[in-house]
Structure formats: structure tokens, C-alpha cells
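Examining the three-dimensional arrangement
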Amino acid sequence: MPLARSLSVTSLSGLDEWDEEFDLEDAILFEIAWEVANKVGGIYTVIQTKARLTTEEWGENYFLVGPYVESNVRTQVELIEPTNPTLKRTIDKMNASGCKVYFGRWLIEGSPYVVLIDVAFTAWSLDRWKSELWETLSIGVPWFDREANDAVLFGFLTAWLLGEYASQCEEPPHILAHFHEWLAGLGLVLCRQRQLPVATIFTTHATLLGRYLCAGNVDFYNHLAEFNVDKEAGDRQIYHRYCLERAAARCAHVFTTVSQITAIEAEFLLKRKPDIITPNGLNVKKFSAMHEFQNLHAKSKSRIQEFIRGHFYGLNYLLRVNHSDVTVVAFFIMPARTNNFNVETLKGQAVRKQLWDTAQTVKERFGKKLYDSLLVGQLPDVSKMLDKEDFTMMKRAIFSTQRQCQPPVCTHNMLEDSSDPILNCIRRIGLFNCAADRVKVIFHPEFLSSTSPLLPMDYEEFVRGCHLGVFPSYYEPWGYTPAECTVMGIPSISTNLSGFGCFMEEHIADPSAYGIYILDRRFQGVDESCNQLTSFLFQFCKQSRRQRIIQRNRTERLSDLLDWRYLGRYYIAARHMALAKAFPDTYMYEAHESTSSSGFRYPRPASVPPSPSLSRHSSPYHSDDDERYDEDLEAEKDRVNIRPFASRTKAGDGVDESEVN
């Protein structure tokens, strides 16, 4: 589903358009990934959101290839007869040879064609293909690794598909195959080993060994050059997987990664420098009016506040009447093993509903008496508008808000409460939602859903209602969560070890001025990073409401940078590069001279800074509600100051928290 943003004054017209002309009429693109119509992780989002743009570029010559999973096909794919005669002959030949290959349309934006291969149906060939893998490539796959076995089957079947398609072509074909991640990588290796007429691209979204090393609390980035990669992979019993990934990266005509930080990682661990950086984008749906995303923020925020009122019933009221400082509510949204909702949490929402129902009942009774009085031509006697029964109802509702315990930290009953790292950290620092705590914590150990009886909001709606997203991950090759925050105009905190953070640092001269706070976790220690995070959060909490509105406008203005309409050019460049390398007599491609993935670099905004410490003269405390803010003028100043950054593209999932104020 596209993420919505505004049009007109916030669109950055300074982004350049690549005018490269490439004749694709005789070429055909197969994009191969285990997550085609099969949601497993973040690659699914990449494939799904990019499909519309790629379909527009390649039309009827674009095919996604993935595994056949019946439960997914029932809800996501419309099975049809192949429209391409050559591909129809290919699929018929494979099915006649003991395979099960399906063709259809993936019911997502762009409706791309999909070729789905039933891996389990050809499991009888596993031993034979594993023997061939050992004899030809010296890669042995243990019998107990089911995921690697699936990768072997999928790899041989995709190589079979591409080879059969090439043989069915009446004229020499120009086939381009783009493989994502190690699970699909073996197909690429076999294409090169069999010398098929296929131009190949391999994209790693995160290296296997990098994931495992970071999960083991290793000082990863400071020791990249020192790792004995074969030993490290062997010690973690993933050497066969690592070999498949490394072989794919080394054999590909073009090797890409999703970020500059992952490019550095790949160069040391996979022993090849990526040819191009292909950042991940989003489909950005634009509104007709700039103010609409602010209205959506207010609407979603009110729904979150309704939940908070129920969760902290009897507490927030005391904080307000005592004129306390800002109260921060930090949500931790992360799946964990639970067995049910917390009773106290459900009770809180029930109390909130009871208060609302009581208020509605009293309002109706008051309205009826007011109507009766006006009907006879008399002004009402205000002292008689509320009778004894009304006061009794209201007192009973107030008394029901009294609680004998603290508001719960976790919304569910955890199965592994004593070993959960988030709860243990909360216990260690003593954040128990006491009345004196300025920071309140709500741990929601379940993905958000609009059908939840507790917090009925989907992910996008929840993010829109927050003031700040906090994603200080140590290992985050790209980071869709802060990107989604940006598209929805929500400031975020990420790190310079995340692909998103690196990308924004390259594009923006002063990211924090646009609500993109980038934590330094690469060049300073843990304590310094924690202090910096604390400083970011504290400065954000000191902002006035007007300053937050200005900052959200600026954040949302960066949406064009993250739109596939802009970032898709890097995938286009990778495909052109691969075709030129594989078919030099037909295609020609000139590599750009740049060594960075950025296209434009944004200066600090020309108008009022968002930081309270820097905006006292232009935004005094007493003027928060009086001083007018002209968004058109603000955007025009920024647009005038956008300057070209001479660059193109060539390379040299942590706890998600949302703060609700």
C-alpha cells in the first residue's frame, strides 16, 4: 500500500532526471528472489514496492521468479496462462520433465507477471543436484540444513528455467537475471558455470556473516579487515551458505548492495567491491494539499492518546493538574512470545470506555433538558440541568478510575518474562510507570493490527500518530522504518551504521534540521552514543508545538528522495551495466565518475531553525501561538538553496521504538 504524502509546495523539483536511452525491446528481465509473493522479511517489501516502476520500464518483458507457496498464492496471485510464447514453451517443457511451474499475476501495484516454482515437488532431485554442486563447485550442503536445501533446489530450478528459455528462443536472446540474496544466488552461479547467455546481477541486502557476527556482540565494524571469514563462517556452521553467497557475489556481472555501509561490509566479507549502490525506496502517494499529512498526524495521534488515557487512567490527570513538565510515552513495538493480553491493560481500556459512555449519557440527558426548556420559550436554569442522578453517575465513573497498582509496562502476559531483554532493561533502570516518572513505557510485544481489540491501529496509522521514531540499531543494512517515518513526515533517530542514516548524511548538509537525527555509533563508544541519543531526545522534548509542526513539514519534504521514482534509477543503471558487460556488441554503458550514491545535497533550511536552543530570537516562547508560519515561503527558500551534488552511483532488523508526547 503506498504511503501518502503531500504534493505541490513540498515537492523537490531540483531532483535531476537521468536521460539515458537504452533499447530494451529485445531484452527480457527475470527478477529472482525467495520472497516473491512470499513474505518472509524486508526483501519482500523491496520487491513488492519496486514492481510498479520496473513493470512500467520493461512492460511485458518483466517476470518475477519465486517459490510456489500455496497459502500465499491463494490470496496474492491470479494464475493465468503465460502470455509470452517462448516462456509458455519453457514452462510446458519443464512441467513435462517432472517440475511444477506456475504462471500468474501478482496482485500488487503494477500487477507484475510471476513465475512460481514448486520446490518441494522436485525434492527427489536434491541428492543428485547436491552431488553436482560438490563436483562442479566444491560446495557441500549438509542434509540437516533445510533452508540451504531449499536454496539448492531453487537455484537449480531457476538455472533450468533460464537455460530452457534461452534454448526455446528463435533468435539469440538478451536475458537479464537479477538475483536477490544467497537463497537465490546459486541460480546465478550455475548460469555462469554453464555459460548461459544471461546477464546477471546479484544484490545482497545484508551479508550472512555480517548478520551472525553482529548477533554475537562482536565489535564488527572496527574489525572488518581482521576477520578470518572462512573460520568465522565455519564456527557458526554456515560455511556452506557463506560459500553460496560469496560465489554469487564473485560470479555476477554486476554486484550491488543497498547502502554504502553494507558495501564496506561486503568488500571485506565477500571479497568484492560492489559495482553500484541500489538504495531501497517506497511508493509515495501524493496528496493534493500540503496540510493533509498534518491532519492525518493529528487524527492518528488522537487515537493513540485514547489508548494512553486508558492505559494510564488515574495518573495522567494528576500530572496535568499539577502543571508537570512534558511527559514522554515510549512505545516498544516488537514481537515476543505471549499467551494473552494483560488483564490490567484490558481493564484500563474498559475504564476509559466507561468514562466515555458516562459522559455521553450525561450529555444526552443535559441536551434533552436544554431542548425542553428552549421549546417552551424559556432560558434554562443551569443549576437544574444536572440532577442528583447525573452527579451519582459521574461520581461512580470517577471512583472507578482509582487503581491499586502501577500501570503495566507490558500490554501482554509474556511467556519468557524473566529473560526478555527489554523488560530486564526496564527493571534495571527502574522505569515502572510511577507517577513521578517523566518517561512512561508501554511494551507492545505484538505486531500492530487494525483488528486488535486492545490497540486497533495498523502500522502506518500508528507511525503517523507518533511524534518521533527511534531506531538506534547497530546493524541495519538499510532501514525501512525510519524511511517510512520520513515519508509520513515523522522525525526519526537512526545511526550512521544504518543504510538509511548513511544515505541521508550524503544527501543532507544538516540532517537534524530536517528531523533526521543520525546517531554516531561508528566512530565513538557505546557510552558516548548513549549520551548523544539522550541529548537528541531531550532537545526534541524541549521543542514547542509550533517547532514540531515546522520540523514535520521539513521531514515530509524529503519524501522525494525516498520515492522509487528517484531511487529506481540506481536499479536501472545496474541493469544497463550488466547488459553492457554480458552483451558488449549490442549494449553500451558508460559508468558515472562519481563514487557516491547521492544525487543532491540539501543545505540547512533558510528559515527558522527547529532547535529550541537556536531559535530563541526568531521563535520566542511567547510567540508560539501568535507567529504565523508560511509553508509556501519555507519550501521555496529550501528549494532555491538546493544545489547539485556532482555524483551518481558507484560503491567505493533492532528494536523499534516510537515516542508519543
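For the structure given in this document, a descriptive report is provided here. Model, not experiment: these values are computed from the prediction. Chains are numbered independently. Their residues run from 1 in the order of the written sequence. pLDDT decides what is reported in this predicted model: residues at 70 or higher carry local features, side-chain atom pairs at 80 or more are listed and counted, and totals for whole chains, interfaces and linings draw on all residues regardless. Based on all heavy atoms of the structure, the side-chain values leave hydrogens and waters out of the count.

Strands are runs of DSSP state E lasting at least 2 residues, helices are runs of H or I lasting at least 4, and numbering of each runs from the N terminus. A tally of regular secondary structure across the chain gives 22 helices and 21 strands. The buried share of the chain, reckoned over its 661 residues, is 57%. For the area figures, the Shrake-Rupley method with a 1.4 Å probe applies, and any residue is considered shielded solely by the protein chains shown. If you sum the accessible surface of the chain, you get close to 29800 Å²; carbon and sulfur atoms cover 53% of it. Here's how the labels work: a residue is buried when its accessible area is under 20% of the maximum for its type, exposed when over 50%, partly exposed in between, all with a 1.4 Å probe on protein chains only.

This brings us to a negative patch on the surface. Each patch is built from residues lacking any salt bridge and having more than 30% relative accessible area; the joining distance is 9 Å for like charges and 5 Å for nonpolar side chains (Val, Leu, Ile, Met, Phe, Trp, Tyr). Should a side-chain nitrogen of Lys or Arg be within 4 Å of a carboxyl oxygen of Asp or Glu, the pair is scored as a salt bridge. His residues and chain termini do not enter the charge count, which takes Lys and Arg as positive and Asp and Glu as negative. Think of each charge as sitting on NZ of Lys, CZ of Arg, CG of Asp or CD of Glu. Where like charges cluster on the molecular surface, the negative patch consists of Glu25, Asp26, Glu170 and Glu171. Secondary-structure assignment places Asp26 in the loop between strand E1 (3-5) and strand E2 (27-32). Note on Asp26: relative accessible area 55%, which makes it exposed.

Another aspect to go through is the pattern of salt bridges. Per the counting criterion, the structure on display carries 26 salt bridges. Here Glu31 makes a salt bridge to Lys50, at a shortest N to O gap of 2.6 Å. Placement of Glu31 in strand E2 and of Lys50 in helix H1 (residues 42-58) is noted, with a sequence separation of 19 residues between them. On the accessibility criterion, Glu31 (1% relative accessible area) is buried. Ionic pairing is found between Arg365 and Asp387, a salt bridge with its closest N-O pair at 3.3 Å. Separated by 22 residues along the polypeptide, Arg365 in helix H13 (residues 343-375) and Asp387 in the loop between H13 and helix H14 (388-399) bring together distant segments of the chain. Overall, the relative accessible area of 25% leaves Arg365 in the partly exposed class.

With that settled, consider the packing of aromatic side chains. Any pair of aromatic rings gets described here by the distance separating the centres and the angle formed by the planes. For Phe, Tyr and Trp, rings pair up if their centres lie within 6.5 Å, where Trp contributes its six-membered ring, and each pair is then called stacked (planes under 30 degrees apart), edge-to-face (over 60) or tilted (otherwise). For the coordinates displayed, the defined rule picks out 22 aromatic pairs. Joined through ring pairs, the aromatic side chains of Phe30, Phe63, Phe103, Tyr113 and Tyr165 make up one cluster.

Once that is clear, we can look at unusual backbone geometry. Negative phi characterises most residues that are not glycine, and trans characterises most peptide bonds. Residue Gln195 is not a glycine yet carries a positive backbone phi of 55 degrees. With respect to the element layout, Gln195 can be found in the loop between helix H6 (181-193) and strand E8 (198-204). The phi dihedral of Asn433 is positive, around 60 degrees, even though this residue is not glycine. Turning to its location among the elements, Asn433 is positioned in the loop between helix H15 (421-429) and strand E15 (439-444). Given a relative accessible area of 0%, Asn433 falls into the buried group.

Turning our eyes to something else, we now look at helix H4 (residues 126-137). In an α-helix, one turn spans 3.6 residues, which is why side chains three or four residues apart end up on the same side. Between its first and last C-alpha atoms H4 spans 16 Å; for twelve residues at 1.5 Å apiece the expected length is 16 Å, and the two agree. Among the residues making up H4, those that are buried are Leu126, Trp129, Lys130 and Leu133. Each buried residue of H4 lies within a common arc of 100 degrees when the element is viewed along its axis, so the set occupies one face. Seen from the open side of H4, the exposed residues pointing more than 90 degrees away from its buried face are Asp127 and Glu135. Contacts between residues were defined by any pair of non-hydrogen atoms, one from each residue, lying within 4.5 Å. Looking at the buried positions of H4, the neighbouring elements they touch are helix H5 (146-168), H6 and helix H9 (239-251). Positive backbone phi, at 60 degrees, marks Ser138, one or two positions downstream of H4. A helix's residues, less one, multiplied by 1.5 Å, set its expected span. The reported arc concerns the directions from the helix axis to the C-beta atoms and nothing else.

Let us now look at the pairing of strand E18 (residues 516-519). Residues Ile516 and Ile518 point to one face of E18 and Tyr517 and Leu519 to the other, with burial holding for every one of them. At least two bridges found by DSSP between two strands is the condition for calling them paired. Of the strand pairs in this sheet, strand E17 (residues 492-495) and E18 are connected by four bridges, and their pairing is parallel. Bridge pairing in E18 links Thr495 to Leu519. Look down the strands so they point away from you; if going from the first strand over the helix to the second traces a clockwise path, that crossover is right-handed. Between the parallel pair E17 and E18, the chain is carried across by helix H18 (residues 499-507), and the sense of this crossover is right-handed.

Now for the environment of Asn496. Within the element layout of this structure, Asn496 appears in the loop between E17 and H18. With 21 residues separating them along the chain, Asn496 and Tyr475 place their C-alpha atoms 10.0 Å apart. Beyond its immediate sequence surroundings of up to four residues, Asn496 is in contact with Ile261, Cys502, Glu505, Ile518, Leu519, Asp520, Arg521, Arg522 and Phe523. The definition of a polar contact used here is a pair of N or O atoms within 3.5 Å, where within protein one atom must be able to donate a hydrogen and the other to accept one, and adjacent residues in sequence count solely through side-chain atom pairs. A polar atom in the side chain of Asn496 sits 2.8 Å from the side chain of Asp520. One polar contact links the side chain of Asn496 to the main-chain amide nitrogen of Arg522, over a distance of 3.3 Å.

In this section: the packing of H4 against H6. Two elements in contact, H4 and H6, have axes separated by 12 Å at closest approach and are oriented at 55 degrees. Taken as axis vectors, H4 and H6 run oblique relative to one another. Relative to H6, the crossing made by H4 is left-handed. Here Leu133, Thr136 and Leu137 of H4 lie close against H6, whose contacting residues are Leu186, Val189, Leu190 and Gln193. Under the convention adopted here, Pro, Cys and the residues Ala, Val, Leu, Ile, Met, Phe, Trp and Tyr are nonpolar, Asp, Glu, Lys and Arg are charged, and Gly plus all remaining residues are polar. Within the contact of H4 with H6, the residues separate by chemical class into five nonpolar, two polar and no charged. Helix axes are fitted only over the stretch in contact, all axes being lines through C-alpha atoms; the angle between N-to-C directions runs from 0 to 180 degrees. Geometric relationships in this document are graded by angle, where less than 35 degrees denotes roughly parallel, more than 145 denotes roughly antiparallel, 65 to 115 denotes roughly perpendicular, and other angles denote oblique. Helix crossings are classified by the rotation of the near helix relative to the far one: an anticlockwise turn of less than a right angle makes the crossing left-handed, while a clockwise turn makes it right-handed.

Here we come to the nonpolar core. We define the nonpolar core as a collection of buried residues of types Ala, Val, Leu, Ile, Met, Phe, Trp, Tyr and Cys that are connected through side-chain atoms lying within 4.5 Å of one another. Within the largest apolar cluster, 75 residues are counted, with the highest numbers of intra-cluster contacts made by Phe30, Ile32, Leu87, Val115, Leu162, Phe179 and Phe220. Ranked by the residues each element gives to this core, the list is headed by H5, at twelve residues. Core analysis: the next-biggest nonpolar cluster, separate from the first, contains 34 residues, Leu24, Ile47, Ala51 and Val77 among them.

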